[in-house]
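Inside the fold
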Amino acid sequence: MDWDCEFQLKRILFNGTYKRILCQNENGPCPLLAIANILILKNILGISTKSSTIPASRIIQVLANILIEQEETRQKEQKERHSCNNIDNNNNNNIESNINTNTTPNVDIYVDSVFAQRRLEQMHCVIDTLPSLLYGLDVNVRFTDIDAFEYTQQMSILDAFDLKLFHGWCIDPAEVFY
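Residues numbered from 1 in each chain as written. Predicted model: local features only at pLDDT ≥ 70, side-chain atom pairs only at ≥ 80, totals over all residues. Heavy atoms only, no water.

What follows is about the sheet that holds strand E3 (residues 53–55). Across the sheet, 3 strands lie side by side as E2-E1-E3; this open sheet has antiparallel pairing. Two strands close off the open sheet at either side, each with one partner strand: strand E2 (17–23) and E3. Recorded for the sheet is a direction-independent mean angle of 40 degrees between the axes of neighbouring strands. Both strand E1 (residues 6–14) and E3 contribute to a ladder of 3 bridges, which runs antiparallel. Looking at E3, one finds that Gln 8 is bridged to Thr 53. Lying on the sheet, helix H1 (residues 31–41) is in contact with E1 and E2; it crosses E2 at an angle near 175 degrees. (Pairing = 2+ DSSP bridges. Helix = DSSP H or I, 4+ residues; strand = E, 2+ residues; numbered from the N terminus. Axes fitted to C-alpha atoms, helices over the stretch in contact; angles between N-to-C directions. Contact = heavy atoms within 4.5 Å.)

Below you can see the structure in the form of structure tokens.
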């Protein structure tokens, strides 16, 4: 599979609503389609083209746009939260003038800005990694639980879209491991 490949679209009925999902055009791994189809079924992603196919590059761009929109929403909510805190602190200052509450919001804003910067860096890493999903997903299973995996950059893509991955490998408890 390559960047220019196109995927067929198929109309399905899901929970009483018609959705257009992506179909794999070649055998092999394609977690990009799995992620896109999950987001379609969760009403996070919609396919609006009248065409019967969609290019891989367009899917990647749409997924990147979703991540950017999510981050913009987080930042907007964070700013609103801080403006509400400042209003609350101003009201508290009028009521209890002996307590200095002006330092806490500044610390909170700094901490939030550091976290926001980290989220932006992670988002850019995830966006840069999206094209690799055309070829597979690097997954290292941990046998401690059905949703336990070793962290890899590609696994952060699932976190970014708030998706859970499970495996079905079980270890016989009677087995001795070295």
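Counting through the fold element by element, Thr 152 comes out in the loop between helix H3 (103–129) and helix H4 (155–160). The class for Thr 152 is buried, based on a relative accessible area of 10%. A polar contact is formed between the side chain of Thr 152 and the backbone oxygen of Asp 138, at a distance of 3.2 Å. Residues in contact with Thr 152, not counting those within four places in the same chain, are Asp 138 and Asn 140. (Buried < 20%, exposed > 50% of the residue type's maximum accessible area, 1.4 Å probe, protein only. Polar contact = N/O pair within 3.5 Å; in protein donor to acceptor, adjacent residues only side chain to side chain.)

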